[in-house]
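Here is how the chains run, residue by residue.
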Amino acid sequence: MTTLQQILSGAGIVAQESPLRRSGRVLRPARTPAGTVVALTLTAGLSLAAAEVVSALLGRPLGWLPVSDLLDLAAHRAWGQLSLPALVAMAVGVVMLLLAAVPGRCRLVPVETSDPLIVIGITRAGLRRTLRAVAQEVDGVQRARVRLRRRTIEVVVITGPESSGSMLKQVGTAVGDRLAGVGTLAAGEVVVRLRRRGL
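Everything numeric here is computed off the predicted structure, so don't read it as measured data.

Caption draft 1: Inspection of the overall build of the protein at higher detail. Helices and strands together make up the secondary structure of the protein, namely eight helices and five strands. From first element to last, N terminus to C terminus, the protein shows the α and β order α-α-α-α-α-α-β-β-α-β-β-α-β. Of all 199 residues assigned to the protein, the portion counted as buried reaches 21%. In the protein, the proportion of contacts linking residues at least 24 apart, taken out of those at least 6 apart, comes to 59%. Entry remark: accessible area of the protein is about 13,900 Å², with carbon and sulfur atoms responsible for 61%.

Set out below in C-alpha cells:
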C-alpha cells in the first residue's frame, strides 16, 4: 500500500477487502492498446486546439483549424441535424473511451497466499491441465476433460464399460485435493461426469 493510499480515507476499506475480490481487481489486465490510441488522439487534438487558441490570443492565428467555421457550424446545428458519419464517429469515440477506462476480463485464476500484499494467479489453461492430469491418474480413467465455468469445475472422465460409480467419488476427491493444494480462490463446485467408452 502506498503512502497516498494510507492517507486517503478509504484506505481502511481497501485493506479489509476479501482476498478473492482484491486478487480479481489486481489481476484484471488494463486495455493498453485502446488506452494508448485514446491518449494519443486526445493529446494531438487538444495540443492542436491549444496552439490555435494561444496563437489567436497573440493576434497571429496559425490557421491549422478553422475555428470560426467550426463555431458557426456548432451554433447553427441541433443534435437532430447531425449526419450519420458524425454520429458514427461520436459512437466510436465513446466506445474507445470506455475500452480505455474499464479494465479487461481477468484471464487468471487467483491463488491464495499467506501474505496479503502478494497476489498470484494461475492461467486457466494451466489449471485445466493440472486438474486433467490428476483426474487421469485415478485407476480406470482412460481420458479426462476439464471445463472451468463461472461457478463450477466440470470434469468429464471417459472410462471403459466395466467402470463403477465409485470412480466419480475418487475423481472428485482427487480434483478437490489438488485444488486445495494449489490454493485457488473461488474455484467453485467440482462436478464429475462419467462417460463409458463402448456403450
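Anyway, onward from the coordinates.
Caption draft 2: Layout of the nonpolar core. The biggest cluster of nonpolar side chains holds 17 residues, and the ones touching the most others in it are Leu131, Val155, Val157 and Val171. Elements represented by at least two residues in this core include exactly α7 (124–136), β3 (141–148), β4 (152–159) and α8 (166–182). Sequence-distant contacts of Val157, that is, excluding residues within four places in its chain, are made with Ala135, Val141, Arg143, Ala144, Val171, Val192, Arg193, Leu194 and Arg195.

Caption draft 3: Region of interest: the sheet that holds β3. Taken together, three strands build an open sheet; the order of strands is β3-β4-β5 and the sheet is mixed. Because the sheet does not close on itself, it has two edges, and the strands there are β3 and β5 (189–196). Between one strand axis and the next, the sheet turns through 20° on average, direction left out of account. Relative to β4, β3 runs antiparallel, the two sharing seven bridges. The partner of Arg147 across the bridge, within β4, is Glu154.

Caption draft 4: Examining the pairing of β4 more closely. Burial runs high along β4: seven of the eight residues are buried. The pairing of β4 with β5 spans eight bridges and is parallel. For Val157, the partnering residue across the bridge sits in β5 and is Leu194.

Caption draft 5: Just a nonpolar patch on the surface, in detail. Side chains of Trp79, Leu82, Leu87, Met90, Val94, Leu98 and Val102 sit close together on the surface and give an oily, nonpolar patch of about 660 Å² of accessible area. Tracing the backbone through its elements, the reader meets Leu87 in helix α6 (residues 84–101).

Caption draft 6: Inspection of a positive patch on the surface at higher detail. On the surface, Arg105, Arg107, Arg150 and Arg151 cluster together into a positively charged patch. Along the polypeptide, Arg150 turns up in the loop between β3 and β4.

Caption draft 7: Structural detail: the packing of helix α4 (residues 32–57) against α6. Orientation of α4 relative to α6, taken along the N-to-C sense of each, is 125°, at an axis distance of 8 Å. In terms of axis orientation, α4 runs oblique to α6. Along this stretch, α4 crosses α6, giving a crossing that reads as left-handed. Counted together, Ala34, Gly35, Val37, Val38 and Leu42 of α4 and Met96, Leu97, Leu99 and Ala100 of α6 form the full contact between these two elements. Tallied by class, the residues present in the contact of α4 with α6 amount to eight nonpolar, one polar and no charged.

What counts and what doesn't
Residues numbered from 1 in each chain as written. Predicted model: local features only at pLDDT ≥ 70, side-chain atom pairs only at ≥ 80, totals over all residues. Heavy atoms only, no water. Helix = DSSP H or I, 4+ residues; strand = E, 2+ residues; numbered from the N terminus. Buried < 20%, exposed > 50% of the residue type's maximum accessible area, 1.4 Å probe, protein only. Contact = heavy atoms within 4.5 Å. Areas by Shrake-Rupley, 256 points an atom, 1.4 Å probe, with all protein chains shown as cover. Core = buried A, V, L, I, M, F, W, Y, C linked by side-chain atoms within 4.5 Å. Pairing = 2+ DSSP bridges. Axes fitted to C-alpha atoms, helices over the stretch in contact; angles between N-to-C directions. Patch = residues over 30% accessible without salt bridge, like charges linked within 9 Å, V, L, I, M, F, W, Y side chains within 5 Å. Salt bridge = Lys/Arg side-chain N within 4 Å of Asp/Glu carboxyl O. Lys, Arg positive; Asp, Glu negative; His and termini not counted. Charge placed at Lys NZ, Arg CZ, Asp CG, Glu CD. Parallel < 35°, antiparallel > 145°, perpendicular 65-115°, else oblique. Left-handed = near helix turned anticlockwise from the far one by under 90°. Nonpolar A, V, L, I, M, F, W, Y, C, P; charged D, E, K, R; others polar.

All we've got here are geometric facts, nothing functional implied.
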